[in-house]
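Fold and contact review
These are the residues of each chain, in order.
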Amino acid sequence: MFIEGLISNISFLIVLSYLYSLLYRQFKKINYITYQILSGGLFSLIALAAMLVPMQYMPGILIDGRSIVISLSAVFVGPLAAIIAALMAAVYRHLIGGTGAFVGIGIIFTSAIIGILYQHFFRYSKGINLFLLYLLGFVVHVCMMLWMLALPGDIGIRVVRELSFLVLLIFPLGTVIVSKLLIEGKNYIDSLDKLKSSEEKYKLLIDNQLDLLIKIDAQGKFLFVSPSYCETFGKKEEDLLGNKYLHLVHPDDVESTNKVMEGLYKPPYTCYLEQRKKTVYGWRWFAWNDKAILDKEGKLIEIVGVGRDITKRKEAEEELRKLKDELEAQVAERTAQLEEHIKKLDKSQKALLYMIEDLNEITAELKSERKKLEESNQELEAFTYSVSHDLRAPLRAINGFSSFLLEDYSPQLDDEGKRYINTIRENVSKMDQLITDLLNLSRIYRTEVKLVEVNMADLVKSIYHEVATEKEKEEFDIIINGMTMIKCDSSLMKHVWQNLIGNALKYSSDSKVKRIEIGYQEQKDEIVFFIKDLGVGFNQKYVGKVFNVFQRLHREEEFKGTGVGLAIVKRIISRHGGKVWAEGEEGKGRFPII
């Protein structure tokens, strides 16, 4: 009976450690007082269970693990839990009755008091120490043996003499073992919480990552794909996992991809590759940095890849390559022409000598021209930056200082001097406007055309109200006919109408009848938009100059301008795959656009 009770009590203490770890996991989700009450109830239930199957020394004399349970309830939970556990265990011990009922109740409350004192003096200052817990168990069960002396007659002395060694050997060790189980349970739960928090932070980082992240196994099947990857390729995560990544790769890039990835099987177990893949936007170029994950034996088991869209870079490289090919073709053509000239020089020695000299000169000229072309390409790349910063800075300085000169030294200047200064400022403004127009012209080539549905009538109305002054709105009769919706780049199309409407207003400013008509016509498979005015017009024989850069059909004194606006219009319409032309005569003009 004693051995069976001992085994049962050990089992109950193990169950206590498991149930407490489950309750502790909910600790952060419930109120602290509620946690104390629930924990007190749990420890009291284990104590009651231990008393149900005690180690019975003699009738009425019960020895069980309640002293361990109640003392540890104070250490690991708190005073409230220990008091609840002690009260419930004391009530139950009273109901059992027997010779040792009073002593048993005394042991219960003594265990709770010693546990509370330990929790107060040791836990918060030194933490949970196994050696101190052993001393706790030893003190609790020394007190337990002292309580045994309160049994009637010589029973107490007999119990102390026969059981002291066994109790003081087993029960303090039991206290340490149960404490160790409780500590490990708490540590395990804390580790789970930290792991969960770490996973949430990792998931948050992955979900908001703009780069593409994937993980594949040694067979090339997806194990993980980031949300950015799914969004880019228009796939759901479940549709990708388990499938091979190569089915998205361009057929022409599969072989090169496999060849480069062979580097993952040897140090440093990394590789860099560029490939085309089918996305929701069509075929796009991606650069990948891959890293192999090896097992303990050094065998590749997984591959982690980070990708980035490099389509714009590849397009820029392709444009540079085409430009280089064109230059080389021109050089080859000139060289072929020179060779042909050399063959014709065989007619006479004298002609041959002359031609050799010419050849040397032409060759030198070609080399010089080629060098100039290369330098021009480099200068062209720096042109936009120079215009934006280096050229405008001195212009602002000239404008500013001439303004200061006019304001501060006006009394010392005669009318001719003031006129000179005003002329300087006007030309600075013209130069600044010219720079702005040139920049806009150069941006047309670099700007990506983004086609969207545009209500052309609404766009024209907004541009007119933006360009026209209040005075012009009162003087001009503007007719905007109903126009269809088209697909175009709205930003670029704004530049078109700004220039066309601005020109119509400018060249009609001196007309008696100030009227502008804007509309469209459908011709077969084409849509023709047009703008008409009754301005000064132009001679049709000069129509070829209208859309050339810096070409003006009127003097600067008549109408201000840089001669770049209509060149911008032509290039924008060309980039949309359309065409623009001018029809006019003196006194009226018309600019249709297809």
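It should be noted that the structure appears before, not after, this text.
Residues numbered from 1 in each chain as written. Predicted model: local features only at pLDDT ≥ 70, side-chain atom pairs only at ≥ 80, totals over all residues. Heavy atoms only, no water.

Taken together, the side chains of Ile83, Leu87, Phe109, Ile113, Leu117, Phe121 and Phe122 define a hydrophobic patch exposed on the protein surface, amounting to about 640 Å² of accessible area. Within the residue set of the nonpolar patch, elements represented by two or more residues are helix H4 (79-96) and helix H5 (101-126). When residues of the nonpolar patch are assigned to their parent elements, the largest contribution, 5 residues, is made by H5. As for its placement among the helices and strands, leucine 87 is situated in helix H4. (Patch = residues over 30% accessible without salt bridge, like charges linked within 9 Å, V, L, I, M, F, W, Y side chains within 5 Å. Areas by Shrake-Rupley, 256 points an atom, 1.4 Å probe, with all protein chains shown as cover. Salt bridge = Lys/Arg side-chain N within 4 Å of Asp/Glu carboxyl O. Helix = DSSP H or I, 4+ residues; strand = E, 2+ residues; numbered from the N terminus.)

Quick look at the pattern of salt bridges now. Once their charged atoms are close, side chains differing in charge can pair, the charge on each being opposite to the other. The tally for this structure, following the rule as stated, stands at 13 salt bridges. Here aspartate 325 and arginine 321 are joined by a salt bridge, their closest N and O atoms 2.5 Å apart. Of this pair, aspartate 325 and arginine 321 are both found in helix H11 (residues 311-344), 4 residues apart, which corresponds to roughly one turn of the helix. Since its relative accessible area comes to 32%, aspartate 325 is described here as partly exposed. One salt bridge in this structure joins lysine 514 and glutamate 475, with 3.0 Å as the shortest N-O distance. Within this pair, whereas lysine 514 is found in the loop between helix H16 (490-507) and strand S11 (515-523), its partner glutamate 475 is found in helix H15 (residues 470-475), the two being separated by 39 residues in sequence. Overall, lysine 514 belongs to the buried group, its relative accessible area being 18%. Overall, the relative accessible area of 36% leaves glutamate 475 in the partly exposed class. (Buried < 20%, exposed > 50% of the residue type's maximum accessible area, 1.4 Å probe, protein only.)

Turning to the packing of helix H14 (residues 456-467) against H16, a few remarks are in order. The interhelical angle for the contact between H14 and H16, taken along N-to-C directions, is 55°, at an axis separation of 9 Å. With respect to H16, the axis of H14 lies oblique. Judged by the twist between their axes, the crossing of H14 over H16 is right-handed. Only Met493, Lys494, Trp497, Gln498, Ile501, Gly502 and Leu505 of H16 make contact with H14, whose side of the interface consists of Met456, Leu459, Val460, Ile463, Tyr464, Glu466 and Val467. Its residues assigned to classes, the contact of H14 with H16 shows 10 nonpolar, 2 polar and 2 charged. (Axes fitted to C-alpha atoms, helices over the stretch in contact; angles between N-to-C directions. Parallel < 35°, antiparallel > 145°, perpendicular 65-115°, else oblique. Left-handed = near helix turned anticlockwise from the far one by under 90°. Contact = heavy atoms within 4.5 Å. Nonpolar A, V, L, I, M, F, W, Y, C, P; charged D, E, K, R; others polar.)

This part is about the sheet that holds strand S5 (residues 270-279). Here we have 5 strands laid out as an open sheet, ordered S4-S3-S7-S6-S5, and antiparallel in their pairing. The open sheet has two edge strands with one neighbour each: strand S4 (222-225) and S5. Each strand axis lies, on average, 25° off the axis of its neighbour in the sheet, ignoring direction. Helix H10 (residues 254-261) rests against strand S3 (212-217), S5, strand S6 (282-294) and strand S7 (300-309) of the sheet, and its axis sits at about 155° to S5. (Pairing = 2+ DSSP bridges.)

Looking now at the environment of leucine 366. Here leucine 366 lies in helix H12 (residues 349-408). According to the relative accessible area criterion, leucine 366 is buried, its value standing at 15%. Considering only alpha carbons, one finds leucine 366 and arginine 334, 32 residues apart in sequence, at a separation of 8.2 Å. Dropping the residues within four chain positions of it, leucine 366 is found in contact with Arg334 and Leu338.

So, about unusual backbone geometry. Cis peptide bonds are those with omega within 30 degrees of zero, and the linkage from proline 267 to proline 268 qualifies with 5°. As for its position among the elements, proline 268 is in the loop between H10 and S5. One non-glycine residue with positive phi stands out, namely tyrosine 269, at about 60°. Here tyrosine 269 lies in the loop between H10 and S5. Tyrosine 269 gets classed as partly exposed once you look at its relative accessible area, which sits at 24%.

Moving on: the packing of helix H3 (residues 66-76) against H4. For any two helices packed against each other, the geometry comes down to the angle between their axes and how far apart the axes lie. Relative to each other, H3 and H4 sit at 155°, their axes nearing to 7 Å. Our classification of the angle between H3 and H4 gives roughly antiparallel. The handedness of the crossing between H3 and H4 is left-handed. On H4, the residues touching Arg66, Ile70, Ser73 and Ala74 of H3 are Ala81, Ala82, Ala85, Ala86, Ala89 and Arg93. Of the residues belonging to the contact of H3 with H4, the class tally is 7 nonpolar, 1 polar and 2 charged.

Before going further, it helps to spend a moment on the side chain of glutamine 275. One can find glutamine 275 in strand S5. With residues up to four places along the chain from it excluded, the contact list for glutamine 275 reads Val249, Asp253, Thr257, Arg284, Trp285, Phe286 and Trp288.

You can see lysine 277 is positioned in strand S5. Buried charge without a partner: lysine 277 forms no salt bridge, and the closest opposite charge is aspartate 290, 9.1 Å away. Residue contacts for lysine 277: discarding those within four places in its chain leaves Tyr229, Phe233, Tyr245, Leu248, Val249, Gly282, Trp283, Arg284, Phe286 and Trp288. (Lys, Arg positive; Asp, Glu negative; His and termini not counted.)

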